[in-house]
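# Working through the structure, step by step
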Amino acid sequence: MQKAFRLVLFVSICVLTNACNVIVSKKATVTGEISHLGKSELYISQFKGDSMLICDTVYSSESGKFSFETRPLDSLTSVNIYFNDNDCWTTLFVNAGDEIRISGDMELVDLLEIKGGKVNDELNEFKSSIKNLYIERHDILSDKSNNGVDNPELRLAEINLDLCRSAKDFIINHPSSIASVVIIQDFFY
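Residues numbered from 1 in each chain as written. Predicted model: local features only at pLDDT ≥ 70, side-chain atom pairs only at ≥ 80, totals over all residues. Heavy atoms only, no water.

### Re the sheet that holds strand 1 (residues 29-35)
Sheet architecture is open: four strands sit in the order 4-1-7-8, paired in mixed fashion. Each of the sheet's edge strands pairs with one partner strand only, and the pair in question is strand 4 (65-69) and strand 8 (113-115). The average undirected angle you get between the axes of adjacent strands in this sheet is 15°. With seven bridges connecting them, strand 1 and strand 7 (residues 99-105) associate as parallel partners. Considered in strand 7, the bridge of Ser35 is made with Asp105. Strand contacts of helix 2 (residues 118-141): strand 7 and strand 8, with the helix running at about 150° to strand 8, the strand carrying the most contacts. (Pairing = 2+ DSSP bridges. Helix = DSSP H or I, 4+ residues; strand = E, 2+ residues; numbered from the N terminus. Axes fitted to C-alpha atoms, helices over the stretch in contact; angles between N-to-C directions. Contact = heavy atoms within 4.5 Å.)

If you want it as structure tokens, here you go:
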């Protein structure tokens, strides 16, 4: 009887000890596949605490694939990824344990699809709603579709107005969202 009691006690202590040692990941993982990115250096920056900026370098493959883990996180944190010798960048918002996926085309970096985490998913919802306007704006600015547009400057002004209206509608529909704050900064600041 005493041997059985000791065995049960030993097993219980082992189980409780292992249960207390479960390590909760305080990092987020980010994976990406971006066409037209090619093999290049990506610079990753995030703040640690209130004032310390941490930078890392990640390399993408020829096919534009990359992955990295953030530094340990205590709360929602913005992470910037700088592409093409810092010519363009994207911002994602991560919490501990998030799995973020980035996809899209480097030629339309503002429309990169960033999935994972509430803020990224809401921003992605907004980007989806403005995708056609953004592509048309990009084409006019890069002189691709001026052939079919009588007055490119006027059409560009109309597109910009429609983008601001879409931003306003999103903010009205998501008044307490962090994504709305990001959109206010991007469109109205």
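Picking up after the structure, the text goes on.
### Some thoughts on the pattern of salt bridges
Throughout the structure, instances matching the rule amount to seven salt bridges. Among the salt bridges present, the one from Asp74 reaches Lys26, with a minimum N-O distance of 2.7 Å. Of this pair, Asp74 sits in the loop between strand 4 and strand 5 (77-83) while Lys26 sits in the loop between helix 1 (2-20) and strand 1, placing them 48 residues apart in sequence. Using a relative accessible area of 41% as the deciding quantity, one classes Lys26 as partly exposed. The shortest N-O distance in the salt bridge between Lys115 and Glu113 comes to 3.4 Å. Residue classification places Glu113 among the partly exposed residues on the basis of a relative accessible area of 30%. (Salt bridge = Lys/Arg side-chain N within 4 Å of Asp/Glu carboxyl O. Buried < 20%, exposed > 50% of the residue type's maximum accessible area, 1.4 Å probe, protein only.)

### Brief notes about the nonpolar core
Counting residues in each nonpolar core, the largest one holds 22 residues, and the members touching the most others are Ile34, Phe66, Phe68, Ile81, Phe83, Leu92 and Ile102. Those residues in contact with Ile34 that lie beyond four places of it in its chain are Ser63, Gly64, Phe66, Phe83, Ile102, Gly104, Asp105, Met106 and Leu112. Membership of the second largest hydrophobic core comes to 18 residues, among which are Ile130, Ile140, Leu163 and Val182. (Core = buried A, V, L, I, M, F, W, Y, C linked by side-chain atoms within 4.5 Å.)

### So, helix 2
Maximum bend of helix 2: about 60°, positioned at Ile130. Against the buried residues of helix 2 lie strand 6 (88-94), strand 7, strand 8, helix 3 (152-173) and helix 4 (178-188). Directly after helix 2, the chain includes Asp143, whose backbone phi takes a positive value near 65°. (Bend = angle between axes of the 7 residues up to and from the residue.)

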